[in-house]
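So the chains spell out like this:
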Amino acid sequence: MIIATAGHVDHGKTSLIRALTNVDTDRLPEEKKRGMTIDLGFAYLPVDAVPGGATEAIGFVDVPGHERFVRNLICGLSAIDFALLVIAADDGPMPQTREHLSILDSLGVRAGVVALTKIDRVAPSGVEA
């Protein structure tokens, strides 16, 4: 299964992938310098690390959130099985969140889940659905 991140710049897509896989998908010197994803990053969970007795590894594609890198985003989302829409609790949905959802819809990606990040930055009442 291939899972791609989607969401506004600086909402924690790369940090979430790092937490799940222990892989820093920002590998380019320019990404390190700027503190933002520019190109696609890749990570995976081996079969033995996947809970529930999965029979195949889970691959992750970390895409850029900044509007200037939308072409890279589309390349990363073009052949995925599942979207991981990342939304920071302290910002909520932002312009690129909506743009990424529209692109996912246009590409026919119908399976996904929302990952709410940065919940430590808001009061508990602000996280409740």
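Details of the structure are given in the entry above.
Residues numbered from 1 in each chain as written. Predicted model: local features only at pLDDT ≥ 70, side-chain atom pairs only at ≥ 80, totals over all residues. Heavy atoms only, no water.

(A) Expanded view of the layout of surface pockets. Reported here for the largest pocket is a volume of approximately 280 Å³. If you trace the largest pocket, you find 20 residues lining it, with Asp 10, Gly 12, Lys 13, Thr 14 and Gly 35 closest to the centre. With 4 residues, the single largest contributor to the lining of the largest pocket is helix H1 (residues 13-21). (1 Å grid on protein atoms, 1.4 Å probe; cavity = no way out; pocket = protein on both sides within 12 Å on 5 of 7 lines; lining within 4 Å. Points joined across faces, edges and corners; volume = space filled by probe spheres on them. Helix = DSSP H or I, 4+ residues; strand = E, 2+ residues; numbered from the N terminus.)

(B) Expanded view of the sheet that holds strand E3 (residues 58-62). Reading across the sheet, the 5 strands line up as E2-E3-E1-E4-E5 and stay open at both edges, with mixed pairing between neighbours. Each edge of the open sheet carries a strand with a single partner, namely strand E2 (41-45) and strand E5 (112-117). With strand direction ignored, the average angle separating the axes of adjacent strands in the sheet is 25°. Relative to E3, strand E1 (residues 2-6) runs parallel, the two sharing 3 bridges. Residue pairing across strands places Ala 4 opposite Val 61, the latter belonging to E3. Running at roughly 160° to E3, H1 makes contact with E1, E2, E3, strand E4 (82-88) and E5 of the sheet. Sheet strands in contact with helix H4 (residues 95-106) are E1 and E4, and its direction is about 170° off that of E4. (Pairing = 2+ DSSP bridges. Axes fitted to C-alpha atoms, helices over the stretch in contact; angles between N-to-C directions. Contact = heavy atoms within 4.5 Å.)

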